[in-house]
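Residues per chain are reported as follows:
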Amino acid sequence: MLTPPKTPKRPIERVHHGDVVVDDYEWLRDKDDPEVIAHLHEENAYTNAKTEHLTILQEQVFEEIRTRTKETDLSVPVREGDWWYYSRTVEGLEYPIHCRVAAAGPDDWEPPVMDGSGAALPGEQVLLDENVEAEGHEFFALGSFDVSTDGALLLYGVDVEGDERYTIRLRALDDSAREFADEIEGTAAGAVFDPSGRFVFYATVDESWRPDTIHRHEVGAEASGDVVVFSEPDERFWLGVGLTRSRRFLVIEAGSNVTSETRLLDASDPTGEFSVVWPRKEGVEYDVEHVVAGGRDRLLITHNDGAVNFELVSVAADDPQGPRRMLLPHSADVRIEGVDAFRDFVALEYRREGLPRVAVAKVPAGGLPADATPDDTLHELAFDEELFSVGLAGNPAWDQPTLRLGYTSFTTPSTVLDLVVATGERRLRKRQAVLGDYDATRYAQRREWATATDGTRIPISLVYRHDLVTLGEPAPTLLYGYGSYEHSIDPGFGIPRLSLLDRGMVFAVAHVRGGGEMGRLWYEHGKKLEKRNTFTDFIAAARHLVDNDITAPDRLVAQGGSAGGLLIGAVANLAPKYFSGFLAEVPFVDPLTSILDPSLPLTVIEWDEWGNPLDDEEVYSYIKSYSPIENVHVNHYPPILAVTSLNDTRVLYVEPAKWVAKLRDAGADPLLKIEMAAGHGGVSGRYAAWRERAFAYAWVIDAAGAHPSGE
């Protein structure tokens, strides 16, 4: 009989607000301790032994993913400057290859013809082959990738640990492909050239992994001489740097979970001083876009100052704190998510009725008329499916006549469309290839509504094969949830998911409060002192599926990752009777310990989402009331699989490691799988990622009681 690893207890006391907590497993936090590493290896060995019976199924699922995927493929080229940029994948290689071909001229807005083979395009120039850069490393990820406006220089940032700290390097994009001596370590993602190509702007992170300082680096100079452009002292705020699409302004954005502030600098003067658009105001978020109207620079600002679902205004670029012109007023039914400005049109992204939407408005040469209404100017793009996702994708050029869109649903593979704005014509550029016998007509998607304990209606999205599943006859089901940071889980296609659906499983998403699916208040009512709504909404969704015979408690597995892993851990304590298994990926299951310690990565930033338990006793007690680790108790827990990564800087591996130990104390038999060379997003490389997904799905199929061989 297999025996789980013994986790030694080394109790320490923690006292806050008069409450004494004894933590037996905090010693697992020290990943430099050989004993900790040895223990994690023991956990992996135990998990491998306990799942050995799934090896064949895991290999089957991996092969299904691989054989359905077009391994040699290329993305639809995107026009920027004088070039069309794209990336290629090659069968047998883990990482993409970044390439470009020359545009035929300034009016060449028709992407190069792809023959469907995925082969290199004629005249291709390889900019960066990630496979070459990744040689000798167990982990590899790009965090920055930018080409100078003249197309002569490339900057790229690489992470070979999984800790999201990137080293920036520069390369000449001529026949020499010369690597510059410039090398900047410890940066955040998202570095950019200024329009002249003379300077690189980048962010560095503090000891808590918070991007807190923006620097200016002169190409060819020593990094030690880089200039600090702006440093953010408030530990709740992240920084990012970029350019407006027009390349008219350099932009520094500072943002917490609930407040933002933007600074602009005329890009023709990259060594000048950035100026604030609107001074930060607690609880007010805004985004800035540059547009030219009537020959004058104006800013389009999406903001929530007195408008919970956001509104859109226009201000003069040279007087942004002056008079505001209302373009789109606040609506209780529409959550404005952002606006993208181009020379001749603007595109608006928003949510209505639980789904993302896109609308387009042309910009006349003299600017929008003063008496224009949204109905006069905005035209929403309509689609035929009940459930879908649509959004902007790959639109870097200011003067482009087309708008690149991404479209998908649970049954429609990822699709790339170009909208010709002047005529409304849609041009299909590519639909994700699904090899084998995939037939979208065999699959069905639909929306269900559960009722929460307070009467709120909770949307649930379902997808299944209608020839294998009859609603009303309980089927094995995977119920996914997230519910934090206003992040929406929208309908989307996934090749790996077919391995579940083709075994007669239902895949369901519970769109719980804390996400953003139903507008800003949907988020507000699932955070801080209303966080428990996230968990009870998920339980209501599970109960709805069971009560309506879509599934049964012995056939229902719950899945969530990161903050969604907190959801899984809380629900495991609150309502294990509804589930046959819990899959928690990089789970945030020890929130009280983490949020109480400002020295831990990203903790202070999180106070806007969860509350500050250090200073507020009510917040402390509330978080403790739902924290998965704090509320483990002797119970009938179904099978639990926790997956984490040693180098994750967002949710430290120690949280699921401690959670698993606590669950064992309560008589459960959870499994812990820890990637020893990975970060928050898991392993790097597509084949490695497919194998990890195959492992997880094999476990899910088994826990849900689905037939392992499918049809």
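In what follows, the structure referred to is the one given above.
The notes below deal with the structure included here. (Residues numbered from 1 in each chain as written. Predicted model: local features only at pLDDT ≥ 70, side-chain atom pairs only at ≥ 80, totals over all residues. Heavy atoms only, no water.)

1. Section: the packing of helix H7 (residues 532–547) against helix H8 (residues 563–574)
So, point 1. Where H7 contacts H8, the two axes come as close as 9 Å, and the packing angle between them is 65°. In terms of orientation, H7 and H8 fall into the roughly perpendicular class. Like other packed secondary-structure pairs, H7 and H8 cross with a definite hand, here right-handed. Between H7 and H8, the contacting residues are Arg 532, Thr 534, Phe 535, Phe 538 and Ile 539 on the first element and Leu 566, Leu 567, Ile 568, Ala 570, Val 571 and Leu 574 on the second.
So, point 2. Its residues assigned to classes, the contact of H7 with H8 comprises 9 nonpolar, 1 polar and 1 charged. (Axes fitted to C-alpha atoms, helices over the stretch in contact; angles between N-to-C directions. Helix = DSSP H or I, 4+ residues; strand = E, 2+ residues; numbered from the N terminus. Parallel < 35°, antiparallel > 145°, perpendicular 65-115°, else oblique. Left-handed = near helix turned anticlockwise from the far one by under 90°. Contact = heavy atoms within 4.5 Å. Nonpolar A, V, L, I, M, F, W, Y, C, P; charged D, E, K, R; others polar.)

2. Some points on the pattern of salt bridges
So, point 1. For the structure shown, the criterion picks out 57 salt bridges.
So, point 2. A salt bridge links Asp 502 to Arg 68, with the shortest nitrogen-to-oxygen separation between them at 2.7 Å. Remark: Arg 68 occurs in helix H2 (residues 55–68) and Asp 502 occurs in the loop between helix H5 (498–501) and strand E35 (506–510); sequence separation between them is 434 residues. Arg 68 shares its class with Asp 502; the two are buried.
So, point 3. Note that Glu 261 and Arg 280 form a salt bridge whose closest N and O atoms lie 2.8 Å from each other. Taken together, the positions of Glu 261 in strand E18 (residues 260–266) and Arg 280 in the loop between strand E19 (275–276) and strand E20 (286–293) put the pair 19 residues apart, joining distant regions of the chain.
So, point 4. Take Glu 261: its relative accessible area is 6%, and that puts it in the buried class.
So, point 5. Accessibility expressed as a relative area gives 28% for Arg 280, which makes it partly exposed.
So, point 6. A single network of salt bridges, built from pairs that share partners, joins Glu 110, Arg 404, Asp 418, Glu 425, Arg 427 and Arg 429. (Salt bridge = Lys/Arg side-chain N within 4 Å of Asp/Glu carboxyl O. Buried < 20%, exposed > 50% of the residue type's maximum accessible area, 1.4 Å probe, protein only.)

3. Observations regarding unusual backbone geometry
So, point 1. With a phi close to 55°, Asp 549 is a non-glycine residue in the positive phi region.
So, point 2. One can find Asp 549 in the loop between H7 and strand E36 (556–561).
So, point 3. If you check the backbone angles, Val 586 has positive phi at about 35° while not being a glycine.
So, point 4. As for its placement among the helices and strands, Val 586 is situated in the loop between strand E37 (581–585) and helix H9 (591–595).
So, point 5. Overall, Val 586 belongs to the buried group, its relative accessible area being 11%.

Everything listed here is a matter of geometry and, on its own, says nothing about what the molecule does.
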